[in-house]
Amino acid sequence: MNEQYGRQSPEIVTFGESMGLFMPASSKGIAYSSQFEKSFGGAESNVAIGVSRLGHTAGWFSQLGRDPFGTMIMKALRSEGVDVSRVKYTSEAPTGLMFREVVAGKSSVYYYRRHSAASMMGPSDLDESYIAGAKLLHITGITPALSPTCRETVLEAVRTAKKNGVKVCFDPNLRLKLWTLEEARPVLLELANEADYFLPGLDELALLYETENFDEILVKLKQLSAVCVIKGGGDRTYLLDAGELSEVPYFKAKQVVDTVGAGDGFCAGFLVGLLKGMSHAEAVRLGNLIGSMVVQMEGDWEAIPTWEEAKAVLDNINHIER
């Protein structure tokens, strides 16, 4: 909490779109299914849930439609201990929806989010004191893709955080179903330049920097002031910290059931590691562990462990390594 503002903020504040989620209840594709499981998902709210489950405070805000899906999302986030006090409702637009199917081992997502309630967010929806009172602001590249006003909102939130000494964590989460690479590149690179922690995937860096040469990518990253955590490096995560490159091994999952949400689980683990005072390498290691636990269950956020569960696994690993 920043005492200057006289009100309590969560340690981590994030915002973005969460949508109602439908998945076939059987192994059939959407076109041939008559029964569906209902849930919700969104990168930023997934991270907020993860931070809360791992024992720290998180706040998430957005704009939701005044409809059953908005109600479902709010109830679920409240039950997970996420602060939703800055969420707004609107009757002018619906909560976004997405459908996901897995056919022949390939996962496909279909979005129904154009002109959604969240896409109508603007800079006036920001509460400066709420952001200023946090320790970290977490943003993704999904929100600026939703609309021009959402783009302005993300940029203003970053300016607010930096003005008030709040660290900024940025996961690009490049979604080419939402905008073209040419539209995304300048915005995401600008946000990477402003971030204190930059969490891209290696595949995203290849697109953003227009090269698959790892050495050329490193040259670009070293021009940033951020601590860079590069995901997707085979069996390791790369950490570029103060110009020094190191590698943090993955934790091998016993079985991979569902990879959706693994990146958000990693991000939550990494952020919690920072809040717990871990070194950057130790925070990455915790992120790797949470990601490996998430892929062993189904769900966008349902598989994120509690801190007690994660610590038990981590303590066992540390004991074996000794």
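Just so we're clear, the structure is a prediction, and the values are computed from it rather than from any experiment.

Novice: Break down unusual backbone geometry for me, citing the residues and quoting the values.
Specialist: Both trends apply: most residues other than glycine have a negative phi, and most peptide bonds are in trans. For E210, which is not glycine, the phi torsion reads 60 degrees and is therefore positive. Relative to the elements of secondary structure, E210 occurs in the loop between α7 (202–208) and α8 (214–221). With phi around 55 degrees, A242 is a residue other than glycine that occupies positive phi space. Within the element layout of this structure, A242 appears in the loop between β13 (236–241) and β14 (244–249). With relative accessibility at 75%, the residue A242 sits in the exposed group.

Novice: Break down the sheet that holds strand β2 (residues 19–24) for me, citing the residues and quoting the values.
Specialist: Spatial strand order, β3-β2-β7-β8: four strands in an open sheet with mixed pairing. The open sheet has two edge strands with one neighbour each: β3 (36–41) and β8 (106–112). Direction aside, neighbouring strands of the sheet carry axes that sit 25 degrees apart on average. In terms of strand pairing, β2 meets strand β7 (residues 97–103) through three bridges, oriented parallel. Residue pairing for β7: L21 is matched across the bridge by M98. Sheet contacts for helix α2 (residues 68–79): β2, β3 and β7; angle to β3, the most-contacted strand, approximately 65 degrees.

Analysis parameters
Residues numbered from 1 in each chain as written. Predicted model: local features only at pLDDT ≥ 70, side-chain atom pairs only at ≥ 80, totals over all residues. Heavy atoms only, no water. Helix = DSSP H or I, 4+ residues; strand = E, 2+ residues; numbered from the N terminus. Buried < 20%, exposed > 50% of the residue type's maximum accessible area, 1.4 Å probe, protein only. Pairing = 2+ DSSP bridges. Axes fitted to C-alpha atoms, helices over the stretch in contact; angles between N-to-C directions. Contact = heavy atoms within 4.5 Å.

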